[in-house]
Amino acid sequence: MLSPLAARKAEKLGYKNVKVFHAGLPEWKKAGHTVISNIAAIENYDKNNISYILLDLRPKDLVEKGHIPKAVTVAGAGLDAMKDQFPKFMAAAIILYDVDGNTNTAQEAYKQISGWGYKQVSILAGGIQAWEKAGKQIASGPAATKIAYVRSFAPGEVDLVVFKELLVNPSKDVAIVDVRSKSEAAAGLLPNAVNIPLEELEQRLSDLPKDKTLYIHCSTGVRAEMAYNVLKKAGVNAKYVKAKVETEKDKYTIED
Amino acid sequence: MLVRRSACSAVAALLVLMTGALQLATAAEDTLPSKSDASCLKCHEYDKMPGILAGKLYDVASKSNTLQLQMDKDMEVVHFDASTVLANAPTFKEIPKQESVKITYIKKDGKIFAQKVEVKKGIAVPKEQLASVEEVAQLVAKGPEKGKYVLLDSRPDNLFNEGHIPTAVSMPFFAFDKLAGDLLKDKEALQIYYCSGYS
């Protein structure tokens, strides 16, 4: 939406040869073309504790001479053999680097990983040369050989593993709140859960368990996140889980 | 002495003025406040219009008739029902995520209730001004010098850093005026602008 506005501004400044690639970056990716990232993205991820995968595509001897800290080398096993180490989370940021950002190896790796369905793959502009030139830290010796990606969570979002554990081993300090509709909740509740439909939440703040952290769920995570934001505003201590929840009598399934 | 007295009366006059201002403030509280994403305020004066929320649609939960509106880092949960007027979208569920929306609301049972939800209309680009993905790819393969073009990314710079089209230059829309002098030197060169697509 911003590009047509920018084009209008340019025309006002007197530029005559102005065009808009309106379909933009999504279309560019869909057509299979490569995407470039900058060192600043890595710095920003580190600063904000956002998880990312950084893959060093160079041969082993170059990796050992010097690589970007946190990089995982593909020199040993090769990408294919590493496929099962990639996360389930398809929007994970995956940055690939080679010597200078211009090798066929990088292009091919980009295509392969994008082909697996990952949506945020990029090639680091200028490769490790740009990293060195920017005076960034270099690690020497062998690099990590396994991808260890733990998804970072949004504010208030709780790890599904933690949530599931609370259902099996309830804590005195935690209350489970189900914000699905009454009819959905009638099918069954999670262990120890209380049903307060999202649409009633604002009026029923006084019904909420006191002195406990509320762990909120719905059927997908969408309403749970909304409930979290309503409660945050009301000063209530709450967290939510982003997961598919199905209940039937006292049986339930929860998954990512 | 005289000076002092006039100072006193000035204070008294100020007090009268302040009481007046206070009364005005109480009256203003009866009307609903407006809130909007900083980017909306670049083009609109929503902060001066009462009862408006303007931001980006974050999510819609049809089962509970609620939507979540993002305004900068703030989230607002808004309720709606069959009486809510929806403009420029067939159904609430079909509004694309991150789309800019303007909501006229009232307070109902302590909840924010939308009377009207207006989805921002897309900006039409004349056909002859549109660049296709093939055209852009061909130019990128040649490079800016041979292809005689400048490819400009209108998104915020953090998104540019995370991933952009090769050979593109970062020119965030909101910094356009500041950067134009530096980036748009060649009057003859083709300028192609892009962002995250139609939304």
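Criteria and thresholds
- Residues numbered from 1 in each chain as written.
- Chains lettered and ligands numbered in written order.
- Predicted model: local features only at pLDDT ≥ 70, side-chain atom pairs only at ≥ 80, totals over all residues.
- Helix = DSSP H or I, 4+ residues; strand = E, 2+ residues; numbered from the N terminus.
- Buried ≥ 20, exposed ≤ 12 C-beta atoms within 10 Å, placed from the backbone.
- Contact = placed C-beta atoms within 7 Å.
- Pairing = 2+ DSSP bridges.
- Axes fitted to C-alpha atoms, helices over the stretch in contact; angles between N-to-C directions.
- Arc of directions from axis to C-beta.
- Core = buried A, V, L, I, M, F, W, Y, C linked by C-beta atoms within 7 Å.
- pLDDT = per-residue confidence, 0-100.

**Q** Report on the overall build of chain A, specifying residues and quantitative values.
**A** Across its full length, chain A holds ten helices and twelve strands. The buried share of chain A, reckoned over its 256 residues, is 37%. Across chain A, contacts joining residues at least 24 apart in sequence account for 63% of those joining residues at least 6 apart.

**Q** Give me the sheet that holds strand E6 (residues 120–124) of chain A: which residues, what numbers.
**A** Residue and element names in this part refer to chain A. On the basis of which strands lie adjacent, the open sheet formed by five strands has the order E2-E6-E5-E3-E4 and parallel pairing. At either end of the open sheet lies a strand with only one pairing partner, and these are strand E2 (36–37) and strand E4 (72–73). Sheet topology places strand E3 (residues 52–56) next to strand E5 (residues 93–97); five bridges connect them, and they run parallel. Residue pairing in the sheet places aspartate 56 in a bridge with tyrosine 97 of E5. Seen against the sheet, helix H6 (residues 104–115) touches E5 and E6 and runs at an angle of roughly 175 degrees to E6.

**Q** How would you explain helix H2 (residues 133–142) of chain B if you had to name every residue and give the values?
**A** Along an α-helix, a turn takes 3.6 residues, which lines up residues three or four apart on a common side. Taken as a whole, H2(B) has its buried residues at Val136(B), Leu139(B) and Val140(B). Around the axis of H2(B), the buried residues are gathered within 100 degrees of arc, so they sit on the same side. Facing away from the buried side of H2(B), by more than 90 degrees, are the exposed residues Glu134(B), Gln138(B), Ala141(B) and Lys142(B). Structurally, H2(B) contributes buried residues whose contacts are with strand E1 (18–21) of chain A together with helix H3 (144–147), strand E8 (149–153) and strand E10 (190–194) of chain B. Directly after H2(B), the chain includes Gly143(B), whose backbone phi takes a positive value near 95 degrees.

**Q** Can you explain the sheet that holds E8(B)? Please cite residues and give values.
**A** Ordered in space as E1(A)-E10(B)-E8(B)-E9(B), the four strands form an open sheet in which the pairing is parallel. If you trace the sheet from one side to the other, it starts and ends with E1 of chain A together with strand E9 (169–170) of chain B, each paired once. As defined by bridge partners, E1(A) adjoins E10(B) across four bridges and the pair is classed as parallel. Bridging across to E10(B), Phe21(A) finds its partner in Tyr194(B). Contacting E1 of chain A together with E8 and E10 of chain B, helix H1 (residues 2–12) of chain A crosses the sheet at an angle of about 175 degrees to E1(A).

**Q** Explain H1(A) to me, and be specific about the residues and the numbers.
**A** Among the residues of H1(A), Leu2(A), Ser3(A), Pro4(A), Ala6(A), Ala7(A) and Ala10(A) are the ones counted as buried. Tucked inside the fold, the buried residues of H1(A) contact E1 and helix H2 (24–30) of chain A together with E8, helix H5 (176–183) and E10 of chain B. Where H1(A) terminates, the next one or two residues include Gly14(A), which has phi positive at roughly 100 degrees.

**Q** Which residues make up the nonpolar core, and what values do they have?
**A** Grouped together as the largest cluster of nonpolar side chains are 47 residues, with contacts concentrated most on Val177(A), Val179(A), Tyr215(A), Ile216(A), Ala227(A), Val78(B) and Ile103(B). Looking at this core element by element, the count peaks at seven residues for helix H10 (residues 222–233) of chain A. Of all hydrophobic cores here, the second largest spans 27 residues; its members include Ile68(A), Val74(A), Leu96(A) and Leu124(A).

**Q** Describe the environment of Tyr240(A), with residues and values.
**A** Residue and element names in this part refer to chain A. By secondary structure assignment, the location of tyrosine 240 is in strand E10 (residues 238–240). C-alpha of tyrosine 240 to C-alpha of alanine 227: the two residues are 13 residues apart in sequence and 8.2 Å apart in space. For tyrosine 240, the contacting residues outside a window of four places in its chain are Gly156, Glu157, Val158, Ile216, His217, Ala224, Glu225, Ala227 and Tyr228.

**Q** Tell me about the interface of chain A and chain B, and please be specific about residues and values.
**A** Facing the 47 residues of chain A at the interface are 48 residues of chain B. Among the elements of the structure, H1, E1, H2, E2, helix H3 (39–47), E6 and H10 of chain A are those that each provide at least two residues to the side of chain A that touches chain B. With eight residues, H1(A) is the largest single contributor of residues to the side of chain A that touches chain B.

**Q** Describe the pairing of strand E2 (residues 52–61) of chain B, with residues and values.
**A** For a regular strand, side chains alternate in direction, first toward one face of the sheet and then toward the other. All names here are of chain B. With seven of its ten residues buried, E2 lies for the most part within the structure. Sheet topology places strand E1 (residues 35–36) next to E2; two bridges connect them, and they run parallel. Paired with lysine 35 across the two strands is leucine 53, which belongs to E2. With five bridges connecting them, E2 and strand E6 (residues 100–108) associate as antiparallel partners. Bridge pairing links alanine 54 to lysine 102 in E6. Sheet topology note: the E2/strand E3 (residues 66–71) ladder contains five bridges and is antiparallel. Note that in E3 the partner of lysine 56 across the bridge is glutamine 70. Between E2 and E3, which follow one another and run antiparallel, lie four residues, and asparagine 65 among them has a positive phi close to 50 degrees.

**Q** Requested: an account of the pairing of E6(B), with residues and values cited.
**A** Residues and elements named next belong to chain B. When E6 meets strand E7 (residues 111–119), the two strands line up antiparallel, connected through eight bridges. Paired with isoleucine 103 across the bridge in E7 is valine 117. In sequence, E6 turns back onto E7 through a hairpin of two residues, with aspartate 109 there showing a positive phi of about 50 degrees.

**Q** Summarise the confidence of the model for chain B; cite the residues concerned and give the values.
**A** All names here are of chain B. Within chain B, residue pLDDT values average 84, and 84% of them lie at 70 or more. The low-confidence segment residues 1–29 (pLDDT under 50) makes zero contacts with residues lying over four places distant or belonging to another chain. Scoring the predicted complex yields pTM 0.68 and, for the interface, ipTM 0.75.

**Q** Provide a residue-level description of the environment of Lys88(A), including the pertinent values.
**A** With respect to the secondary-structure elements, Lys88(A) resides in the loop between helix H5 (79–82) and E5. On the neighbour-count criterion, Lys88(A) (8 C-beta atoms within 10 Å) is exposed.

**Q** Any chance you could break down unusual backbone geometry for me, citing the residues and the numbers?
**A** Outside of glycine, negative phi angles account for most residues, and trans bonds account for most peptide bonds. Residue and element names in this part refer to chain B. Its identity as a non-glycine residue notwithstanding, glutamine 98 has a phi of 70 degrees, on the positive side. Its place among the elements puts glutamine 98 in the loop between strand E5 (85–87) and E6. Not every positive phi belongs to a glycine, and aspartate 109 is a case in point at roughly 50 degrees. Position of aspartate 109 relative to the elements: it lies in the loop between E6 and E7. Here aspartate 109 falls in the exposed class, since 9 other C-beta atoms lie within 10 Å of it.

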